[in-house]
Amino acid sequence: MPRQREQTIRREIIMHLEASALTIREISQQVGIMEKEVVFHLTYIEKSLRSKKKKISVTPHACMGCGFEFKERKNYKKPGKCPECRGTRIGPAIYRITD
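Owing to the predicted nature of the structure, the values given are computational and were not obtained by experimental measurement.

Participant: Lay out the environment of Thr98 with the relevant residues and their values.
Facilitator: Along the polypeptide, Thr98 turns up in strand β4 (residues 94-98). The sequence separation of Thr98 and Lys36 amounts to 62 residues, and the corresponding C-alpha distance is 23 Å. Those residues in contact with Thr98, other than ones at most four positions away along the chain, are Lys54, Lys55 and Ser57.

Structural data, given as structure tokens:
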């Protein structure tokens, strides 16, 4: 049986991201949804924050092999490979809502 929510999933994600910086996995665990769903919701949360003059700030994914940072990446989904060294060990991005 799914847990009873006091707020919508997106409002709950926004509340957590305003309180602290989190990875997709941490958001998933705190809200109680799958990581794929968090990625889906972040896209729409970003659009709704524009009207409030806020944004999602991102500390980008980074390759654990060579240190390459995915600074230009606009997608919330984790990259598959590093374009520099072709390594697949990619560290998570960290998200936070800022003004």
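There's more to say after this.
Participant: Could you give an account of the environment of Pro79, naming the residues involved and the relevant values?
Facilitator: Counting through the fold element by element, Pro79 comes out in the loop between β2 (62-63) and β3 (90-91). Classification of Pro79 as buried rests on a relative accessible area of 6%. In this structure the C-alpha to C-alpha distance between Pro79 and Gly91, which are 12 residues apart in sequence, comes to 9.6 Å. Leaving out residues up to four positions away in the same chain, Pro79 has contacts with His61, Phe70, Arg73 and Ile90.

Participant: Hey, could you go over the packing of helix α1 (residues 9-19) against helix α2 (residues 24-31) for me, with residue numbers and the actual values?
Facilitator: Geometry of a packed helix pair, given as the angle between the helix axes and the separation of the axes. Put simply, α1 and α2 touch, their axes get as near as 10 Å, and they point 125 degrees apart. Accordingly, the angle class assigned to the pair α1 and α2 is oblique. When the axes of α1 and α2 are compared, the crossing they make is right-handed. Seen from α1, the contacting residues are Ile9, Glu12, Ile13, His16 and Leu17; seen from α2, they are Ile27, Gln30 and Val31. Counted by class, the contact of α1 with α2 contains five nonpolar, two polar and one charged residues.

About the criteria used
- Residues numbered from 1 in each chain as written.
- Predicted model: local features only at pLDDT ≥ 70, side-chain atom pairs only at ≥ 80, totals over all residues.
- Heavy atoms only, no water.
- Helix = DSSP H or I, 4+ residues; strand = E, 2+ residues; numbered from the N terminus.
- Contact = heavy atoms within 4.5 Å.
- Buried < 20%, exposed > 50% of the residue type's maximum accessible area, 1.4 Å probe, protein only.
- Axes fitted to C-alpha atoms, helices over the stretch in contact; angles between N-to-C directions.
- Parallel < 35°, antiparallel > 145°, perpendicular 65-115°, else oblique.
- Left-handed = near helix turned anticlockwise from the far one by under 90°.
- Nonpolar A, V, L, I, M, F, W, Y, C, P; charged D, E, K, R; others polar.

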